[in-house]
Amino acid sequence: EDGSYTRTISREEDMKIIAKDRERYAEEKGIEKGRKEGRNLGIKEGKNIGIKEGKNLGIKEEKEIIAKSLLKKGMTIKEIAEITELSEKEIEKIKSII
């Protein structure tokens, strides 16, 4: 004999090994799927946040354009603040630029 050792396993042990391998495979696939879904959800949420921030910025810019126009027509800062919902400080800043 060459000194090697061969072990024979029972059918029951073989089935346990196969079951553990399948369980490990399923767990790895589950983790992989969860990560992928998490990334996709993160991307989607990021896009939604970006869209919302972009809309808000666009609305603010439009209000600033209106405020400039009203300032040029001689309307008071207080009246413009009521109409545009910009703060008086924001309107004063706009006034200092034009």
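Here goes a summary of the coordinates provided. (Residues numbered from 1 in each chain as written. Predicted model: local features only at pLDDT ≥ 70, side-chain atom pairs only at ≥ 80, totals over all residues. Heavy atoms only, no water.)

**With respect to the side chain of Thr84**
Selection criterion: Helix numbering and strand numbering both begin at the N terminus, where a helix is a DSSP run of H or I of at least 4 residues and a strand a DSSP run of E of at least 2. When accessible area is computed with a 1.4 Å probe and restricted to protein chains, residues below 20% of their type maximum are described as buried, those above 50% as exposed, and intermediate ones as partly exposed. The term polar contact refers here to a pair of N or O atoms within 3.5 Å; inside protein, the definition further demands a hydrogen-donor-capable atom paired with an acceptor-capable atom, and it admits residues adjacent in sequence only when both atoms are side-chain atoms. Only heavy atoms matter for contacts: two residues are in contact if any of them lie within 4.5 Å across the pair.
Tracing the sequence through the fold places Thr84 in helix H2 (residues 77-84). With relative accessibility at 4%, the residue Thr84 sits in the buried group. A distance of 3.2 Å separates a polar side-chain atom of Thr84 from the backbone nitrogen of Leu86. Here Thr84 is in contact with Lys63, Ile66, Ala67 and Ile91, once residues within four sequence places are set aside.

**Focus on a negative patch on the surface**
Cut-off, in case you're wondering: Nonpolar side chains (Val, Leu, Ile, Met, Phe, Trp, Tyr) within 5 Å and like charges within 9 Å form the patches, drawn only from residues with over 30% relative accessible area and no salt bridge. Only the protein chains shown count as cover for residues, and all accessible areas are computed by the Shrake-Rupley method using a 1.4 Å probe. The term salt bridge refers to a pairing of a side-chain nitrogen on Lys or Arg with a carboxyl oxygen on Asp or Glu at a separation within 4 Å. Note that His is not counted, nor are the chain ends; the positive residues are Lys and Arg, and the negative ones are Asp and Glu. The atom standing in for a charge is NZ when the residue is Lys, CZ when it is Arg, CG when it is Asp and CD when it is Glu.
Together, Glu79, Glu82, Glu88 and Glu92 line one region of the surface with negative charge. Where the negative patch is concerned, the elements lending two or more residues are H2 and helix H3 (88-97). Secondary-structure assignment places Glu82 in helix H2.

No statement about biological role is implied by the geometric values presented.
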